[in-house]
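Reading the structure
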Amino acid sequence: MPTTTAAQRREQARVEYDAFIRACPTNQLLDRISDKWVSLVVCALVPGPMRYSELARKIAGVSPKMLTQTLRSLERDGILARTVTPAVPVRVDYELTPLGLSLALLLAGVKNWAEAHIEEVHDARERYDAEVES
């Protein structure tokens, strides 16, 4: 039985990734990036770096706790970078990494689709609810 290098084992695992399997890392990543706060944070950062307070103002309805958790998880996943600038008070900026920018292209498309088709969805819901009530 031939031995394999770590790189070969990683490549084989990559080929075998299947997001339909709950334990697959890609399934977990899809869970993360499909979160609405993740989508909104990533889309908000497309124009460039922002401070925490700017993000909180831009993303209506996000609680401080949820914004903090979302930023930490995105930093951990390599989607955004956190830069601390020593000052009084300390300045912290968040910006997308190249990996985050590649994700932003996809999420911006989903956001744009939602904005363009919300009226059709509202109409479909009304028709469905009227049929169910009958």
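Refer to the preceding data block for the structure.
Residues numbered from 1 in each chain as written. Predicted model: local features only at pLDDT ≥ 70, side-chain atom pairs only at ≥ 80, totals over all residues. Heavy atoms only, no water.

1. Side note on the overall build of the protein chain
Where we set the bar: Comment: elements are numbered from the N terminus, with helices defined as DSSP H or I runs of at least four residues and strands as E runs of at least two. Here the radius of gyration uses the C-alpha set of atoms, whereas the globule reference equals 2.2 Å times the residue count to the power 0.38. When a residue's accessible area, from a 1.4 Å probe over protein chains only, is under 20% of the maximum for its type it is buried; when over 50% it is exposed; and in between it is partly exposed. What makes two residues a contact is simply this: any of their non-hydrogen atoms within 4.5 Å. Only the protein chains shown count as cover for residues, with accessible areas throughout obtained via the Shrake-Rupley method and a probe of 1.4 Å. Think of it this way: Lys and Arg go in the positive column, Asp and Glu in the negative one, and His and the chain ends go nowhere. Throughout, a charge is located at the NZ atom of Lys, the CZ atom of Arg, the CG atom of Asp or the CD atom of Glu.
Across its full length, the protein chain carries six helices and three strands. Listing every helix and strand of the protein chain by position from the N terminus yields α-α-α-β-α-α-β-β-α. In summary, the protein chain has a C-alpha radius of gyration of 20 Å against a globular reference of 14 Å for 134 residues, an excess of more than 25%. On the principal axes, the C-alpha backbone points of the protein chain span a range of 65 × 55 × 25 Å. Out of the 134 residues belonging to the protein chain, those deemed buried represent 23%. Put simply, 44% of the contacts in the protein chain that link residues at least 6 apart link residues at least 24 apart. Looking at the protein chain as shown, the accessible area adds up to about 10000 Å², and 58% of this sits on carbon and sulfur atoms. With 17 positive and 18 negative side-chain charges, the protein chain shows a separation of 11 Å between the mean positions of the two kinds.

2. What about helix H5 (residues 64-76)?
Convention followed: Helix span, expected: 1.5 Å multiplied by one less than the number of residues in the helix. For this quantity, the arc is that covered by the directions from the helix axis to the C-beta atoms.
Taking 1.5 Å per residue, 13 residues should reach 18 Å; H5 reaches 18 Å between its end C-alpha atoms and fits that length. Every buried residue belonging to H5 is among Leu67, Thr70, Leu71, Ser73 and Leu74, and all of these are buried. Buried residues in H5, looked at end-on, bunch into an arc of 165°, giving them a common side. Of the residues in H5, the exposed ones pointing more than 90 degrees away from the buried face are Pro64, Lys65, Arg72 and Arg76.

3. What about unusual backbone geometry?
Between Val88 and Pro89 the backbone carries a cis peptide bond, its omega angle lying at -5°. Tracing the sequence through the fold places Pro89 in the loop between strand E2 (80-85) and strand E3 (91-96).

4. Section: the sheet that holds E3
This is how the line gets drawn: Strand pairing is assigned whenever DSSP identifies at least 2 bridges connecting the two strands.
Pairing in this open sheet of three strands is antiparallel, and the strands run E1-E3-E2 from one edge to the other. Edge positions in the sheet fall to strand E1 (50-51) and E2, since each has one partner strand and no second. Sheet analysis places E1 next to E3, joined by two bridges and oriented antiparallel. Directly across from Arg51, in E3, lies its bridge partner Asp93.

5. Section: the nonpolar core
Buried together is how nonpolar side chains tend to be arranged in soluble globular proteins. How we decide: Here, the term nonpolar core denotes a set of buried Ala, Val, Leu, Ile, Met, Phe, Trp, Tyr and Cys residues that are joined through side-chain atoms within 4.5 Å.
Of all hydrophobic cores here, the largest spans 23 residues; its most connected members are Val41, Val42, Leu45 and Leu55. Elements represented by at least two residues in this core include exactly helix H3 (36-44), H5, E3 and helix H6 (98-133). For this core, the element with the highest residue contribution is H3, accounting for six residues. Residue contacts for Leu55: discarding those within four places in its chain leaves Ala44, Leu45, Met50, Leu67, Leu71 and Tyr94.

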